[in-house]
Amino acid sequence: MDSNKTKVLIIGAGPAGYTAAIYASRANLSPIQIEGLQPGGQLTTTTEVENFPGNPEGMTGPEMMDGIREQALRFDTDIRTGLVTGIDLSKRPYVAEINDGEYSITADTVIIATGASAKYLGLPSEGEYMGMGVSACATCDGFFYRGKKVAVVGGGDTACEEALYLAGIAEKVYMIVRRDELRASKVMQERVLNNEKIEVLWKHQTEELFGEGGVEGAHLVVNKGEEDEKHVDISIDGFFLAIGHTPNTSFLKGQLETDDKGYLVTENGTPRTKVPGVFAAGDVADPVYRQAVTAAGSGCKAALEAERFLLHED
Ligand SMILES: Cc1cc2nc3c(=O)[nH]c(=O)nc-3n(C[C@H](O)[C@H](O)[C@H](O)COP(=O)(O)OP(=O)(O)OC[C@H]3O[C@@H](n4cnc5c(N)ncnc54)[C@H](O)[C@@H]3O)c2cc1C
């Protein structure tokens, strides 16, 4: 077979993509997998992962992803370095362009597992303290802040959810809100405002984080640009961003349906998109859970769907 033709093309190499690769290769479908700019995905940017089943002692994100990659290679997945820069989903077989036209891959089915990137404020100190106090996932990292002080940035439903989650763990939660109101639903607003551990800092914005070897506090500006603008510091151990995610779908150029936040839309509870033989797995199609284990689960589902699709076609 032409080395650039495949029954299953997997785009992305996080928990969803590698799990899809393990299942598709064990089903003898000889998948090709394109890893993108971040082989291993988002977990390569974190230290401890304590909530992935099967690792009682926990392990680092990179270690865990190396292991899942090894497992995909064990069954002969053709894992390739490169970026999918375009794809034609208008007719089958589908054709994906790699590295701006360097070569193309023809595929009978496609599994899109390109993840979603958290939005950050763009402060130099965010990068400096990444994994040392800065996080974009309370479910993932909240546990490390038991009895400590944290801040959540954002004023929407997700920020309220993160603040409430953290309030169950931390001693104190500041919500840093740019406006003088929350954009969250009424119910969420009430829960936040009635929670005695949460203090909402209205009309505050973060200027920079500070600390020796980890976050110890944040410099904030209040009423920015107004006559009574002033600067205050808060003392915190953790700084959680909750200002949204950007699903990585630009290479699709609008060929698949997305929701209002850009997440790929799939049929209820399945990874099926509206295009036959094209499946979406992991964070790229999940505005709600965004966990390694849920991404891996949907990668498994996508590979099983691809297998069934090919079976019924023959
Ligand atoms: C700092 C941090 C800590 C976290 N901690 C935990 C935790 O403790 N437990 C937990 O369960 N979850 C955690 N998460 C969330 C978890 O990492 C994600 O839910 C999970 O990685 C999603 O997997 P995914 O496979 O959908 O996508 P990702 O892991 O985002 O992987 C996406 C993949 O797609 C590739 N890609 C993107 N665009 C292209 C393209 N055009 N062409 C080819 N490839 C492309 C990328 O290179 C990457 O390999 C954490 C996230 C972060 C950021």
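Residues numbered from 1 in each chain as written. Predicted model: local features only at pLDDT ≥ 70, side-chain atom pairs only at ≥ 80, totals over all residues. Heavy atoms only, no water.

Kindly report on the overall build of the chain, identifying the contributing residues and their values.
Helix and strand counts for the chain stand at 7 helices and 19 strands. In terms of overall size, the chain behaves like a compact globule, its C-alpha atoms giving a radius of gyration of 21 Å where 314 residues would be expected to give roughly 20 Å. Projected onto the principal axes, the alpha-carbon positions of the chain cover approximately 70 × 40 × 35 Å. Evaluated residue by residue, the chain yields a buried proportion of 50% over its 314 residues. Partitioning the intrachain contacts of the chain with sequence separation of at least 6 by distance along the chain shows that 59% fall at a separation of at least 24. Surface summary for the chain: the accessible area is close to 15500 Å², and the carbon and sulfur share equals 48%. Looking at charge distribution, the chain has the averaged site of its 29 positive side-chain charges lying 5 Å from that of its 47 negative ones. (Helix = DSSP H or I, 4+ residues; strand = E, 2+ residues; numbered from the N terminus. Rg over C-alpha atoms; globule rule 2.2 N^0.38 Å. Buried < 20%, exposed > 50% of the residue type's maximum accessible area, 1.4 Å probe, protein only. Contact = heavy atoms within 4.5 Å. Areas by Shrake-Rupley, 256 points an atom, 1.4 Å probe, with all protein chains shown as cover. Lys, Arg positive; Asp, Glu negative; His and termini not counted. Charge placed at Lys NZ, Arg CZ, Asp CG, Glu CD.)

If you had to explain the site of the ligand to someone new, which residues and values would you point to?
Neighbouring residues of the ligand: 31 residues in total, closest Glu-35, Gln-38, Gln-42, Asn-51 and Ala-292. The backbone of Leu-37 places a nitrogen or oxygen atom 3.4 Å from an oxygen atom of the ligand. Protein contacts shield 93% of the accessible area of the ligand, which totals 1000 Å² for the unbound molecule. Of all the secondary-structure elements, those providing two or more residues to the shell around the ligand are α1 (15-26) and α7 (292-313). Of the residues that constitute the shell around the ligand, the class distribution is 15 nonpolar, 13 polar and 3 charged. (Near = heavy atom within 4 Å. Polar contact = N/O pair within 3.5 Å; in protein donor to acceptor, adjacent residues only side chain to side chain. Nonpolar A, V, L, I, M, F, W, Y, C, P; charged D, E, K, R; others polar.)

For α1, give the residues involved together with the corresponding values.
Along its 12 residues, α1 runs 17 Å from first to last C-alpha, staying within 8% of the 16 Å computed at 1.5 Å per residue. With 10 of 12 residues buried, α1 lies mostly within the body of the structure. Here α1 has its buried residues at Pro-15, Ala-16, Gly-17, Tyr-18, Thr-19, Ala-20, Ala-21, Ile-22, Ala-24 and Ser-25. Check the buried side of α1 and you find it contacts β1 (5-11), β2 (32-34), α2 (61-74), β5 (78-80), β8 (103-112) and α7. One or two positions beyond α1, positive phi appears at Asn-28, with a value near 70°. (Expected span 1.5 Å × (residues − 1).)

Outline the nonpolar core, listing residues and values.
The biggest cluster of nonpolar side chains holds 29 residues, and the ones touching the most others in it are Val-8, Met-64 and Ile-111. Where this core is concerned, the elements lending two or more residues are β1, α1, α2 and α7. When residues of this core are assigned to their parent elements, the largest contribution, 7 residues, is made by α7. Each residue touching Met-64, except ones within four places of it in the same chain, is listed here: Leu-43, Val-49, Phe-52, Asn-55, Met-59 and Ala-292. Counting 23 residues, the second-largest nonpolar core is a separate cluster that includes Ile-34, Ile-87, Val-278 and Ala-280. (Core = buried A, V, L, I, M, F, W, Y, C linked by side-chain atoms within 4.5 Å.)

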